[in-house]
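# Architecture at a glance
What follows is each chain in one-letter form.
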Amino acid sequence: MAETLQKVTDELRQGETFAPFAEDPNLYTKKFYIESYGCQMNFSDSEIVAAILNEEGFGATRNYEDADLVLLNTCSIREKAEQTVRNRLQAFRKVKEQKPGMLVGVLGCMAERLKAKFLEEEKLVDIVVGPDAYRSLPGLIEEAEGGQKSVNVLLSREETYANISPVRLDSNGVTAFVSIMRGCNNMCTFCVVPFTRGRERSREAVSIINECKDLFDRGFKEVTLLGQNVDSYYFNEGEGLENAVTFAKLLEMVALISPLLRVRFSTSHPKDITDDVLHTMAKYPNICKYIHLPVQAGNTRILQLMNRTYTREWYLNRVQRIREIMPDCGLSTDIITGFCSETDEEHADTLSLMEASRFDMAYMFSYSERPGTLAARRYKDDVPEDVKQRRLEEIIKLQNGHSRESYKNDIGKIFEVLIEGNSKRSDKDWCGRNSQNKMVVFPKGNANLNKGDYAMVKINEATSATLIGEMINN
Ligand code: 5AD
Ligand code: SF4
C-alpha cells in the first residue's frame, strides 16, 4: 500500500507528461511534440522551448506520430527518472522506423549530464540540448535536418531567457509557472542539479513583473514563481542598494499587481528562508500561505554529510517561525531515506522530526546515487536496498497519517478556492486549490461561476489528498 502510494507521488513528480496543442495549425509549416519529466522548472522550460520553436515555424501537436520533431525534456534527479526517459524513447523508436525523417531531440538535465554520450547510447537521438542552450535549437535542428547529429550542452552564467515570452502548453488558463532564477549553487552532496543546471542566476525583476502582469491581463489568476532556491533570488538594477530586489521584495512586487492575482513560489531552502519573506507572505492575502521546505533528513550528522548547511534544530526553528507568523500556513517537504551511512537511530530522527513538524504533505524518496555528485565521489552508498525501502515505507506510513489528520482538521473550515476547472470525477463539480495548496472539490450548483473565479467553500469531508465541500454565499 505504502509503496503504491509512493509510486503515485513519484510518478506525479517524475513522469507527468503532457502534449501541447497548436493554437493555429495554419500558422505553422512543421509540427513539434514535447513531453516533460521531472520538476516544475522543466515544464516551465518546455514553454520557453515552445516559444522558440513557434518562431521557427513549428506548431505543437498532441500526437507524436504526427510530429516532424519529437522532444523529451528530461530529468536526472534519480536513476528511475532517467530509466523512464529511456523507456519512453523506445516508443519513439518504433515511429522513427516508419518515418526516418522525424527528428528526436533530448533536452534538460539528462542531456546535460550525458552530453554526446547520449547519441552513442540511444541511436535514434538526433539532437542533445542542455538547459541553458535552448536559444541554439533552431541551428541545431537545421544541422539535424541536414543529416548531422547535433549537441549543445554549454552552461551559462547569464542565461535566464528573460526576454522570451513562454508559450503556455496545455494550460488551464488560470495558473501559470514563471521562472525567476536558474541553476543552484548549494551543492547538496546527493544532488545532480548543480551539475546539470549550472550556477545560480536571477532573472531581471522587470521582466518577471511584466510576464506576471501579462498573464493577469490574459485572465490568469495564479502565478507560481519558480527557482531551485527562490529565497536566494537577488537582482540589482543599478548601483545602489536601494535598487536591490530580494526575494521578499519581488514577492511583494508581484503581489501588488492585483489582489485578484494569487502568488505561489517553489522551492525554498531552509537555510535561506528569511523572516522578511514570512512577514511579506503574512502581509498580503493574495500570497498563498503555503511553503514547500525540503528537510531531506532529520539527523544533523546526515544533514552535514548532505551539505545542507543547517541542523535539525535550525530546521525545527524555521518551522516554528512559520507557525508563529502564519498559524494557518500549509507546509510540505522532501525527504530522502537511506543516505550513505544512515543508521536506524538516525532514521528514527527523521521520523521524530516529522512528528514535530507535522507536514501536510511530503515527497519521499530512497537515496539514489547519481554519478559525478559529491556523495558518489566521497561516500559509499552502503545502506542496503531493502533497508532503504523499509525506511521509506515507514516514513510514508507516518506521513499518510499526518496528511489524513491535516485534511480532517479542515472539516468545518471555510476557504477561498480558486476554480481551476471541472473535477476529474464529474463535470458537475468544480475543483481548485485553497491558499494552503490543498485540492478542494465542490458541486457547481446553480451559481454562475467560471474557471478562474474565486468561491468560498465550506469543507464537509476529507480524504488524505482532497477536501470536499459546498459553496457558501460570498
Ligand atoms: N536520491 C534521492 N532523492 C533525491 N533528491 C534529489 N537528489 C536525490 C537523490 N540522489 C530529492 C530531494 C530533492 C527532490 C527534488 O528530489 O529530496 O529535494
Ligand atoms: Fe539540489 Fe540542493 Fe540545489 Fe535543491 S538546493 S537543487 S537539492 S543542490
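A short tour of the structure in this document, coming up. (Residues numbered from 1 in each chain as written. Chains lettered and ligands numbered in written order. Predicted model: local features only at pLDDT ≥ 70, side-chain atom pairs only at ≥ 80, totals over all residues. Heavy atoms only, no water.)

## Observations concerning the nonpolar core
A general tendency of soluble globular proteins is for nonpolar side chains to be buried together. Core analysis: the biggest nonpolar cluster contains 67 residues, and L225, F247, L250, M281 and I291 have the highest contact counts within it. Looking at this core, the element that brings in the most residues is helix α9 (residues 247-255), giving six residues. Each residue touching L250, except ones within four places of it in the same chain, is listed here: I180, A205, I208, I209, L225, Y233 and V245. (Core = buried A, V, L, I, M, F, W, Y, C linked by side-chain atoms within 4.5 Å. Buried < 20%, exposed > 50% of the residue type's maximum accessible area, 1.4 Å probe, protein only. Helix = DSSP H or I, 4+ residues; strand = E, 2+ residues; numbered from the N terminus. Contact = heavy atoms within 4.5 Å.)

## Side note on the pattern of salt bridges
Within this structure, the stated rule accounts for 40 salt bridges. In this structure, the salt-bridge partner of R182 is D132, at a minimum N-O distance of 3.6 Å. Of this pair, R182 sits in strand β8 (residues 181-182) while D132 sits in the loop between β5 (127-129) and α6 (137-145), placing them 50 residues apart in sequence. The same class applies to R182 as to D132, namely buried. One salt bridge connects E211 with R203, and the closest N-O pair in it is separated by 2.7 Å. Pair check on accessibility: E211 and R203 agree, each one buried. Here the salt bridges share partners, and the residues they tie into one network are D45, D132, R182, R197 and R201. (Salt bridge = Lys/Arg side-chain N within 4 Å of Asp/Glu carboxyl O.)

## Details of the packing of helix α12 (residues 312-325) against helix α13 (residues 344-357)
Following both chains from N to C, one finds α12 and α13 inclined at 15°, their axes separated by 10 Å at the closest point. By the angle class used here, α12 and α13 are roughly parallel. Helix-helix and strand crossings are classified by hand; for α12 and α13 the assignment is right-handed. Contact residues: R312, Y315, L316, V319 and R323 in α12; D349, S352, L353, A356 and S357 in α13. (Axes fitted to C-alpha atoms, helices over the stretch in contact; angles between N-to-C directions. Parallel < 35°, antiparallel > 145°, perpendicular 65-115°, else oblique. Left-handed = near helix turned anticlockwise from the far one by under 90°.)

## Quick word on the pairing of strand β17 (residues 414-422)
Here is the key point about a regular strand: its side chains alternate between the two faces of the sheet. Sheet topology places β17 next to strand β20 (residues 454-462); five bridges connect them, and they run antiparallel. Its bridge partner lying in β20, F415 is registered against V457. As defined by bridge partners, β17 adjoins strand β18 (residues 429-433) across four bridges and the pair is classed as antiparallel. When the sheet's bridge partners are listed, L418 is paired in β18 with R433. As consecutive antiparallel partners, β17 and β18 are separated by six residues. (Pairing = 2+ DSSP bridges.)

## Description of a negative patch on the surface
A contiguous patch of negative charge on the surface is contributed by E55, E56, E142 and E143. Taking the relative accessible area as the measure of exposure, E55 reaches 70% and is therefore exposed. (Patch = residues over 30% accessible without salt bridge, like charges linked within 9 Å, V, L, I, M, F, W, Y side chains within 5 Å. Areas by Shrake-Rupley, 256 points an atom, 1.4 Å probe, with all protein chains shown as cover. Lys, Arg positive; Asp, Glu negative; His and termini not counted. Charge placed at Lys NZ, Arg CZ, Asp CG, Glu CD.)

## So, the sheet that holds strand β16 (residues 361-366)
The sheet built from three strands is open, its strands ordered β14-β15-β16 with parallel pairing. Each end of this open sheet is capped by a strand with a single partner; those strands are β14 (290-292) and β16. Put simply, the sheet's adjacent strands are angled 10° from each other on average, direction ignored. When strand β15 (residues 330-337) meets β16, the two strands line up parallel, connected through six bridges.

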